[in-house]
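Each chain is listed here by its residues.
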Amino acid sequence: MNLVDHLAIIPGYALSGLLVGFLVGMTGVGGGSLMTPLLIMVFGFHPTTAVGTDLLFAAVTKTVGATIHSAGKTVEWRIVRRLAVGSVPATILCLILIAHFGIASKSVTSMVSLTLGVALLLSAIALLFRDIIITWINGRFPEAGLNSPAWLTVLVGAILGVLVSLSSVGAGALGTVALVILYPRLPVVRIVGSDIAHAVPLTLLAGLGHWYLGNINFPLLESLLVGSIPGIIAGSYLARFANDRILKTCLGAILAVVGSRMLLK
């Protein structure tokens, strides 16, 4: 029996994809912050399976976003290359360590859960206090970002590589805040476009690595994608009528609660 025979749309997973896709379209925050904890805490998937499946899910959905940004010339490819120089080797190293210790080992499961909890809390802080953080840094370090050395962007890429490989979280809210601090003169739309463009090879590489390790649930992946596509379209359309601050405050609060629960498990 081949892979196609195993694929089937599962309503509960498709509905989850629809919900997460809608929220991503409304807020612009990466689906990993929502999907991975949902798969673990609601549907009971093993953390590594949830992370691996969500990474390929993110790679597909972010490819669409990156294509749109590239066509609109809102991607700063110089920044994408710098981020990738740090994230690619960090991702490969994380995958090697996961393979070495074994995906079913208690140490790997604990590390994934811990990293996921920390990444969710950091994402919540980035969402809730982004403007305060950026204002404080600009006030404390007036020259910050005006002449940022390339190695700082590479370092940010490496950190994102570790977080995304172990938790599938971080490329969205955290990456955007870091780039705004490093490149304050760059228009926000180019910051977002560059962050999304970098997330494509990052999530694809990490997702393929988890696929090789056997961490992908393909029926789950297919159902999530079927639900997320109309969800993202609907959310993107309705976002223009919503209050961005209220949405992101609510989402940040949810991520803080979920992240705390992951750490206390």
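Above this text sits the structure in question.
Parameters at a glance
- Residues numbered from 1 in each chain as written.
- Predicted model: local features only at pLDDT ≥ 70, side-chain atom pairs only at ≥ 80, totals over all residues.
- Heavy atoms only, no water.
- Helix = DSSP H or I, 4+ residues; strand = E, 2+ residues; numbered from the N terminus.
- Buried < 20%, exposed > 50% of the residue type's maximum accessible area, 1.4 Å probe, protein only.
- Axes fitted to C-alpha atoms, helices over the stretch in contact; angles between N-to-C directions.
- Parallel < 35°, antiparallel > 145°, perpendicular 65-115°, else oblique.
- Left-handed = near helix turned anticlockwise from the far one by under 90°.
- Contact = heavy atoms within 4.5 Å.
- Nonpolar A, V, L, I, M, F, W, Y, C, P; charged D, E, K, R; others polar.
- Polar contact = N/O pair within 3.5 Å; in protein donor to acceptor, adjacent residues only side chain to side chain.
- Phe/Tyr/Trp six-rings, centres within 6.5 Å; stacked < 30°, edge-to-face > 60°.

1. Some thoughts on the environment of lysine 106
Here comes step 1: Position of lysine 106 among the secondary structure elements: in helix H6 (residues 106–140).
Here comes step 2: You can call lysine 106 exposed: its relative accessible area is 70%.
Here comes step 3: Each C-alpha atom, one on lysine 106 and one on leucine 186, is 43 Å from the other, the two residues being 80 residues apart in sequence.

2. Quick notes on the packing of H6 against helix H7 (residues 150–167)
When two helices pack together, their arrangement is given by the angle between the helix axes and by the axis-to-axis distance.
Here comes step 1: It is the contact of H6 with H7, at a shortest axis distance of 8 Å, that shows an interaxial angle of 120 degrees. When the axis of H6 is compared with that of H7, the two are oblique. The two elements H6 and H7 meet at a crossing, and its hand is left-handed. Here H6 contributes Met111, Val112, Thr115, Leu116 and Ala119 to the contact with H7, which in turn contributes Leu163, Leu166 and Ser167.
Here comes step 2: The residue inventory of the contact of H6 with H7, partitioned by class, reads six nonpolar, two polar and no charged.

3. Let's talk about the side chain of serine 165
Here comes step 1: Mapped onto the secondary structure, serine 165 falls in helix H7.
Here comes step 2: Overall, serine 165 belongs to the buried group, its relative accessible area being 0%.
Here comes step 3: There is a polar contact of 3.4 Å between the side chain of serine 165 and the side chain of threonine 91.
Here comes step 4: Contact partners of serine 165, with chain neighbours within four places excluded, come to Val51, Leu55, Thr91, Cys94, Ile98, Ala206 and His210.

4. A few points about the packing of aromatic side chains
Where two aromatic rings form a pair, the distance of their centres and the angle of their planes describe that pair.
Here comes step 1: Evaluated as defined, the whole model comprises three aromatic pairs.
Here comes step 2: When the ring of tyrosine 13 is compared with that of phenylalanine 43, the centres are 5.0 Å apart and the planes differ by 85 degrees; the resulting orientation is edge-to-face. Separated by 30 residues along the polypeptide, tyrosine 13 in helix H2 (residues 11–27) and phenylalanine 43 in the loop between helix H3 (32–41) and helix H4 (47–71) bring together distant segments of the chain.
Here comes step 3: Take tyrosine 13: its relative accessible area is 17%, and that puts it in the buried class.
Here comes step 4: Exposure remark for phenylalanine 43: the relative accessible area of 31% places this residue in the partly exposed category.
Here comes step 5: With a centroid separation of 5.1 Å and an interplanar angle of 70 degrees, the aromatic rings of tryptophan 211 and phenylalanine 218 are classed as edge-to-face.

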